[in-house]
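Architecture at a glance
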Amino acid sequence: MKNHSIHAERRRRLLDKVDGVSILPTAPHHLRNRDSHYPFRFDSHFYYMTGFTEPEAVLVMISGQDPKSILFCLEKDMEREIWDGYRYGPEKAKEVFAFDEAHPISALEAMLPNLLANQRVVSYPLGQDEKWDRKMLAALNEVRGMGRSGVSSPADIRDIRAEIDEMRLFKDEGEIELMKKSAGIASSAHKLAMKSTRPGKMEYEIEAELIGEFRRMGAQSPSYNSIVAGGANACILHYVENNAELKNGDLLLIDAGCELDGYASDITRTFPVNGKFSPAQKAIYELVLEAQYAALAAVKPGALWNSPHEAAVKVLAQGFIDLGFFKGSVDGLIESGNYRQFYMHRTGHWLGLDVHDVGIYKKEEHWRTLEPGMVLTVEPGCYIRPAENVPEAYWNIGIRIEDDVHVVDGGHEILSIETPKTVEEIEDWMSS
Ligand code: GLY
Ligand code: MN
Ligand code: MN
């Protein structure tokens, strides 16, 4: 059985920081079509505070002198459990997940006004789900209606996510352990994909290898739709059709990561379909790799969030000039923004329970400072569509190199380190 003391500890920390009553529902279970559901994925904030993975659950936390965490969840129901599977039920959930109280979810609506009564502040994920907004407003109105019997109603409605976002931004040891495993599985999948690729195969056959390896190694699912983009498809940033044939002489860009116990990995590698880079492909690849190394060197405590991006852009801009795509100076090219013809996205994002994880990037208009415990991606790229300022040999080359990086004292640690990355490592791995 898993130890949930970490979740109880997180609730204690949050209860210390917020006033009044905080309400945190898990995600709704969405229909895919007719009566078939998408696989259920809990809400990341709810899961972070509870470790509870069942649908139809709500966490209520009451701050103050007698702080309390209350779970509302599905009741035990033998008939439903025969069809849908095991449920903890309130009694067992309270014990296993260390809540102070637990009740059936069916009791929440009736209990909600009393939970809000005489609280000055109520916090919940404001605006995240219209149904919840309506539910909260109805409950608040009901509390207002109790005014003549001496009950006061909350005057202050806040978004609970802001506090939790900041907690989630700093990963603890257990989270880093999981993220390392998640990245290790994704790395293994990328290595298998490299080995499985050859001219004439279809992109979806390689996607199948990725998904197969994720599941074989215990990850629950991909952490986002895998991008398996051969040749010119790599220049479509969110390409997910994955239905084209892989051609001799083309590159294959794979952006794929998995989710392990809620935690995402997010890795991109680009490699030759036939196992050998052409001179033009190698030139662009090594430029992107140099940009990634420059960006990685900027990932350390005290550096600004934007430093890795600026470092990558500088290397790429110089490269575009050296290759003859642009005339003029590096500073001029950066100033004009014209480098975006080939590099139009940013160099990374926070990574955690969500692939684009929570956490603000700027504080009072200033890029925030990197600190130990943060995890981010470093993912420069170069996407060359046919254009007059580019020799034809480079047309349709799309390359991205993406690693998952943990900020530690004095520098960083690459969680996705096992994935072959240099030209030599990739060619050796594919031919071994
Ligand atoms: N795979 C999504 C991203 O790289 O941001
Ligand atoms: Mn990414
Ligand atoms: Mn990615």
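Remember, it's a predicted structure, so these values are computed and weren't measured experimentally.

**Quick word on the overall build of the chain**
When helices and strands are counted, the chain shows 13 helices and 21 strands. Seen through its C-alpha atoms, the chain measures out along the principal axes to roughly 80 × 50 × 40 Å. Considering the chain as a whole, with its 432 residues, one finds that 52% of them fall into the buried category. Considering only residue pairs separated by 6 or more positions, the chain has 71% of its internal contacts joining residues 24 or more positions apart. With an accessible surface of roughly 20,300 Å², the chain has 49% of that area assigned to carbon and sulfur atoms. The average position of the 48 basic charges and that of the 67 acidic charges among the side chains of the chain differ by 1 Å.

**Focus: helix H9 (residues 203-216)**
Between its first and last C-alpha, H9 extends 20 Å over 14 residues, near the 20 Å set by a 1.5 Å rise per residue. Listed in full, the buried residues belonging to H9 are Glu203, Ile206, Leu210, Glu213 and Phe214. Considered in projection along H9, the buried side chains sweep an arc of 105° and stay on one side of the axis.

**Quick look at the nonpolar core**
Among the nonpolar cores identified, the biggest contains 67 residues, and Phe214, Ile254, Ile284, Phe320 and Phe325 are the most heavily contacted of them. For this core, the element with the most residues is helix H10 (residues 279-297), which contributes 9 residues. Those residues in contact with Phe214, other than ones at most four positions away along the chain, are Ile185, Ala186, Ala189, Ala219, Pro222, Ala256, Gly257 and Cys258. Listed in part, the 34 residues of the second largest apolar core include Val18, Met49, Leu71 and Tyr224.

**Here we look at the side chain of Thr26**
For Thr26, the location among the structural elements is in the loop between strand E1 (21-25) and strand E2 (31-33). With relative accessibility at 10%, the residue Thr26 sits in the buried group. Polar contacts involving the side chain of Thr26 include one to the main-chain amide nitrogen of Asp43, which spans 3.1 Å. Residues in contact with Thr26, not counting those within four places in the same chain, are Phe40, Phe42, Asp43, Phe46, Glu54, Pro55, Glu56 and Ala57.

**Here's the deal with the coordination of the manganese ion (ligand 2)**
Listed as protein donors to the manganese ion (ligand 2) are Asp266 (OD), His349 (NE2), Glu379 (OE) and Glu402 (OE); their distances from the metal cover 2.0 to 2.2 Å. In this structure, the manganese ion (ligand 2) is surrounded by 6 donor atoms whose angles at the metal cover 50 to 155°, and the resulting shape is irregular. Read in sequence order, the donor residues for the manganese ion (ligand 2) give the motif D-x82-H-x29-E-x22-E. The metal-metal distance between the manganese ion (ligand 2) and the manganese ion (ligand 3) is 3.3 Å, with Asp266 serving as a donor to both. Residue Asp266 is located in the loop between strand E13 (263-264) and strand E14 (267-272), and its partner His349 is located in the loop between helix H12 (330-336) and strand E15 (362-363); the two are separated by 83 residues in the primary sequence. The pair Asp266 / His349 is uniform in exposure class, with both members buried.

**A short note on the environment of Glu388**
Mapped onto the elements, Glu388 comes out in the loop between strand E18 (381-383) and strand E19 (398-400). A residue is classified by how much of its surface remains accessible, and Glu388, at 85% relative accessible area, is exposed. When the C-alpha atoms of Glu388 and Phe325 are compared, they prove to be 9.0 Å apart, with 63 residues separating the residues in sequence.

**Looking at the packing of aromatic side chains**
Under the criterion given, the structure shown has 16 aromatic pairs. Aromatic side chains Phe52 and Phe97 sit 5.1 Å apart centroid to centroid with 85° between the ring planes, which places their arrangement in the edge-to-face category. Taken together, the positions of Phe52 in the loop between helix H2 (44-50) and strand E4 (58-62) and Phe97 in the loop between helix H4 (89-96) and strand E6 (101-104) put the pair 45 residues apart, joining distant regions of the chain. Among the residues examined, Phe97 registers a relative accessible area of 2% and is labelled buried. Three or more aromatic residues joined by ring pairs make a cluster, and in this case those are Phe52, Tyr86, Tyr88, Phe97 and Phe99.

**Some words on the pattern of salt bridges**
Scanning all chains against the criterion turns up 21 salt bridges. Where Asp84 meets Arg80, a salt bridge forms, and the shortest distance between an N and an O atom there is 3.0 Å. In this pair, Asp84 and Arg80 are both assigned in helix H3 (residues 78-84), 4 residues apart and thus about one turn of the helix distant. Among the residues examined, Asp84 registers a relative accessible area of 54% and is labelled exposed. Take Arg80: its relative accessible area is 34%, and that puts it in the partly exposed class. Measuring nitrogen to oxygen at the nearest pair gives 2.9 Å for the salt bridge that ties Asp255 to Arg400.

**Some points on the environment of Asp66**
Counting through the fold element by element, Asp66 comes out in the loop between E4 and strand E5 (68-73). You can call Asp66 exposed: its relative accessible area is 56%.

**Things to note about the layout of surface pockets**
Its volume calculated, the largest pocket comes out at about 1,300 Å³. Taken together, 42 residues line the largest pocket, and the ones lying closest to its centre are Arg41, Phe42, Glu259, Asp261 and Gly262. Those elements that provide at least two residues to the lining of the largest pocket are helix H1 (5-17), H2, helix H8 (173-196), strand E9 (221-222) and E13. Of all the elements, H8 adds the most residues to the lining of the largest pocket, at 5 residues. Its residues assigned to classes, the lining of the largest pocket shows 18 nonpolar, 13 polar and 11 charged. Every residue lining the second largest pocket is counted, 19 residues in all, and those nearest its centre are Pro28, Glu56, Lys131, Trp132 and Lys135. At the level of elements, helix H5 (108-116) and helix H6 (130-145) are the ones that each hand at least two residues to the lining of the second largest pocket. Of the residues contributing to the lining of the second largest pocket, the split by class is 10 nonpolar, 4 polar and 5 charged.

**Digging into the environment of Asp77**
Here Asp77 lies in the loop between E5 and H3. Measuring from C-alpha to C-alpha, the distance between Asp77 and Gly319 comes to 64 Å, with 242 residues separating the pair along the chain. In terms of polar contacts, Asp77 uses its side chain to reach the backbone amide nitrogen of Glu79, at 3.1 Å.

**With respect to the side chain of Ser22**
Among the secondary structure elements, Ser22 is positioned in strand E1. With residues up to four places along the chain from it excluded, the contact list for Ser22 reads Leu59, Val60, Met61, Ser123 and Ile160.

Conventions and cut-offs
Residues numbered from 1 in each chain as written. Chains lettered and ligands numbered in written order. Predicted model: local features only at pLDDT ≥ 70, side-chain atom pairs only at ≥ 80, totals over all residues. Heavy atoms only, no water. Helix = DSSP H or I, 4+ residues; strand = E, 2+ residues; numbered from the N terminus. Buried < 20%, exposed > 50% of the residue type's maximum accessible area, 1.4 Å probe, protein only. Contact = heavy atoms within 4.5 Å. Areas by Shrake-Rupley, 256 points an atom, 1.4 Å probe, with all protein chains shown as cover. Lys, Arg positive; Asp, Glu negative; His and termini not counted. Charge placed at Lys NZ, Arg CZ, Asp CG, Glu CD. Expected span 1.5 Å × (residues − 1). Arc of directions from axis to C-beta. Core = buried A, V, L, I, M, F, W, Y, C linked by side-chain atoms within 4.5 Å. Polar contact = N/O pair within 3.5 Å; in protein donor to acceptor, adjacent residues only side chain to side chain. Donors = N, O, S within 2.8 Å, 3.2 Å for Na, K, Ca; no water. Tetrahedral: all angles 85-135°; square planar, octahedral: opposite > 155°, others 65-115°. Phe/Tyr/Trp six-rings, centres within 6.5 Å; stacked < 30°, edge-to-face > 60°. Salt bridge = Lys/Arg side-chain N within 4 Å of Asp/Glu carboxyl O. 1 Å grid on protein atoms, 1.4 Å probe; cavity = no way out; pocket = protein on both sides within 12 Å on 5 of 7 lines; lining within 4 Å. Points joined across faces, edges and corners; volume = space filled by probe spheres on them. Nonpolar A, V, L, I, M, F, W, Y, C, P; charged D, E, K, R; others polar.

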